[in-house]
Amino acid sequence: MYRSLEPGPARVYLRRRFVECFRSYGEPHSGPNATSVLFVCHGNIIRSAMAEVLLRRHLSSVRVDSAGLHAVPGRRADDRVIRLAPEFGVSLDDHTAKPLTQSMIDEFDLILIMDHLNEARILHRFPASASKVMLLGLYATNPMHSEIPDPYEGRDEDIRRCCGVIEECVKHLVF
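This structure is a prediction, so every number in the text was calculated from the model and none was measured.

Cut-offs and rules
Counting starts from 1 at the beginning of each chain's written sequence and moves along it residue by residue. Whole-chain, interface and lining totals are the exception, using all residues; otherwise, since this is a predicted model, local features are given only for residues with pLDDT of at least 70 and side-chain atom pairs are given and counted only at 80 or more. Calculation of side-chain values draws on the structure's entire complement of heavy atoms; hydrogens and water are dropped beforehand. Should DSSP find at least two bridges between two strands, the strands are regarded as paired. Secondary structure is summarised from DSSP: a helix means a run of H or I of at least four residues, a strand means a run of E of at least two, and numbering begins at the N terminus for each. Only C-alpha atoms enter the line fits that serve as axes; for helices the fit covers just the stretch in contact. Angles between N-to-C directions range over 0 to 180 degrees. A carboxyl oxygen of Asp or Glu within 4 Å of a side-chain nitrogen of Lys or Arg is what we treat as a salt bridge. Only protein chains enter the accessibility calculation, which uses a 1.4 Å probe; a residue whose area is less than 20% of its type maximum is buried, one above 50% is exposed, and one in between is partly exposed.

A. Molecular detail of the sheet that holds strand β1 (residues 36-41). Pairing within the open sheet is parallel, and its four strands lie in the order β2-β1-β3-β4. Edge strands, defined here as strands with exactly one partner in the open sheet, are β2 (63-68) and β4 (133-135). Across the sheet, the mean angle from the axis of one strand to that of its neighbour is 25 degrees, orientation sign disregarded. As defined by bridge partners, β1 adjoins β2 across six bridges and the pair is classed as parallel. Across the sheet, residue Val37 finds its bridge partner in β2, namely Val64.

Here is the structure:
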């Protein structure tokens, strides 16, 4: 997997995976104390967008936003997730993608990401963010599977399953 990364992010990826081998999978940290949460994925049109609206539904007192490492500014959410979002009690009709910026990294207390590849790219571009970057999947029922894979190339069922995992993680983050 890391072979698809550029050399800098690939080194970050390998270093983080090595450290992870020695970390115990207990309760994730930082969630309950954060006053601002940023969700980040690749394009900000499925995973991070869904996580943003799901967390907003539960917490009005916390500042919530989302972005993508490779987001096309102003792009609408994927049509499939727009269609499926009401099944989860939310709407993505008005969502537009935003690229991740240094100011976002600086402004948010907690940055929740979806997978190890994006983690490596974020930490390579923004090394000072390491203390606040964390995998959203650590809030899943089974945090050993901490990545939330990108369903972009998949079918509706893949997107629905992904949204279900994100909903579970957001609920565990909140409650």
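B. Molecular detail of the pattern of salt bridges. In the structure shown here, the tally under the stated rule is twelve salt bridges. The partner of Arg47 in a salt bridge is Asp115, with the nearest N and O atoms 2.9 Å apart. Of the two residues, Arg47 is situated in helix α2 (residues 47-58) and Asp115 in the loop between β3 (110-113) and α5 (116-125); the sequence distance between them amounts to 68 residues. Judged by relative accessible area, Arg47 falls into the buried class, the value being 2%. Judged by its relative accessible area of 9%, Asp115 falls in the buried class. Where Arg83 meets Asp156, a salt bridge forms, and the shortest distance between an N and an O atom there is 2.5 Å. You can see Arg83 sitting in helix α3 (residues 79-84) and its partner Asp156 sitting in helix α6 (residues 156-174), a full 73 residues away along the chain. Judged by relative accessible area, Arg83 falls into the partly exposed class, the value being 46%.

Keep in mind that these numbers describe shape and distance, not what the molecule does.
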